[in-house]
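# Summary of the model geometry
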Amino acid sequence: MRVSALNIFPLKSGRGISLRESPIDAWGLGHDRRWMVTDPSGSFITQRQLPALAQVSATPGAPLTLSMEGHPPLAVAPPPVDDRMDVTIWDQTVSAAVADTMVNDALSAFLGRPVKLVHFDEMSRRTASADWAGPGTPVAFGDGYQVLVTTTGSLTALNADMAAHGEEPVGMDRFRANVVIDHDEPFAEDGWGSIEIGGVVLYLVKPCARCIMTTQDQQTGSREGASPMPAMGRIRMSADRRVPGPLFGWNAVPVGSGTIAVGDAAKVLDRRDTWPIKRR
């Protein structure tokens, strides 16, 4: 059982970047989801509201390189630490640094509505849900947790169900995973308590309930192609109301720091009772 893919999403809801290796610490993979688009009041925006975010990519660096499909790339300097605003992500408020007016105007023009680009910098603070992740675990602009883990066997099983119902297959990019494990047994991760990769332990703390973003092409934002939602409705509906809806992948909390790479061995350290799934 080995790591088959590593991905980061420097801009929340933007295009992903595939890596051969990545630093990892308590925050997750390096540079993952450190930038975010908000409305002028600071409310976070994702592909759920603006599918065109799939056409925006951010490449880490100083400056950050922001690329919008069909437009020249923009260099985004690190915002001054004293140019800040409170932003909201779900029910949490975070102090974030704000990109300059030129960048925000260009991004607003591309997306067709007023937006701001904000940065989770050294002054920003946020923690994952203590109910699931334990107290004081830091997280940036991810939906709620530090790392998302999926497996190849689970995608194979999902696509097999889609094929059996005359539906086209989808790629793993639809699920925006940080760490993909090459493992043949479908949904084995439902019973993993923790895994170790490169000396770093990942505690699988909560299954990931999926939304409309899985129906969107992750290069164009189009919702016209294949959708995994019907198949997840057939074979992956949660039977535990603590996390309702279709499930695919697990949110994980890293303990320790180091570097992980594609090809690294992934070892299951402990197991749990398998998460209950509704049976048809």
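Higher on the page you've got the structure.
I will try to describe carefully the structure that is included in this document. None of these values were measured; they are calculated from a predicted model.

Rules used in this analysis
Residues numbered from 1 in each chain as written. Predicted model: local features only at pLDDT ≥ 70, side-chain atom pairs only at ≥ 80, totals over all residues. Heavy atoms only, no water. Buried < 20%, exposed > 50% of the residue type's maximum accessible area, 1.4 Å probe, protein only. Helix = DSSP H or I, 4+ residues; strand = E, 2+ residues; numbered from the N terminus. Arc of directions from axis to C-beta. Contact = heavy atoms within 4.5 Å. Salt bridge = Lys/Arg side-chain N within 4 Å of Asp/Glu carboxyl O. Pairing = 2+ DSSP bridges. Phe/Tyr/Trp six-rings, centres within 6.5 Å; stacked < 30°, edge-to-face > 60°.

### Quick look at helix α1 (residues 101-111)
Turning to α1, its buried residues number three or more, namely Val103, Asn104, Leu107, Ser108, Phe110 and Leu111. All buried residues of α1 fall inside an arc of 165° around its axis, so they share one side. Structural note: α1 exposes Thr101, Met102 and Ala109 on the side pointing more than 90 degrees away from its buried face. In the core, the buried residues of α1 are packed alongside β5 (35-38), β7 (56-59), β8 (64-68), β9 (74-76), β11 (92-98) and β12 (116-119). Of the residues trailing α1, Gly112 is marked for its positive phi of about 80°.

### A short note on the pattern of salt bridges
It is possible for side chains of opposite charge to pair when their charged atoms get near one another. Enumeration over the complete set of coordinates arrives at nine salt bridges. Notably, a salt bridge pairs Asp190 with Arg236, separated by 2.8 Å at the nearest N-O pair. In this pair, Asp190 sits in the loop between β14 (179-182) and β15 (192-197) while Arg236 sits in the loop between α4 (229-235) and β17 (247-255), placing the two residues 46 residues apart along the sequence. Classification of Arg236 as buried rests on a relative accessible area of 3%.

### Considerations on the pairing of β5
The alternating pattern of β5 places Trp35 and Val37 on one face and Met36 and Thr38 on the opposite face, and all of these are buried. Examined bridge by bridge, β5 and strand β6 (residues 44-45) share two bridges and lie antiparallel to one another. Residue pairing across strands places Thr38 opposite Phe44, the latter belonging to β6. A loop of five residues connects β5 with β6, the two strands running antiparallel in sequence, and Gly42 in this loop sits at a positive phi of about 105°.

### Topic: the packing of aromatic side chains
Here the structure, examined in full by the defined rule, presents seven aromatic pairs. Their ring planes at 70° and their centres at 5.5 Å tell us that Trp27 and Phe120 sit as a pair that is edge-to-face. Residue Trp27 is found in the loop between β3 (21-25) and β4 (28-29), and its partner Phe120 is found in the loop between β12 and α2 (130-133); the two are separated by 93 residues along the sequence. Both rings, one in Trp250 and one in Trp275, keep their centres 6.0 Å apart while their planes meet at 80°; by these two values the pair is edge-to-face.

Taken by themselves, the reported measurements are silent on function.
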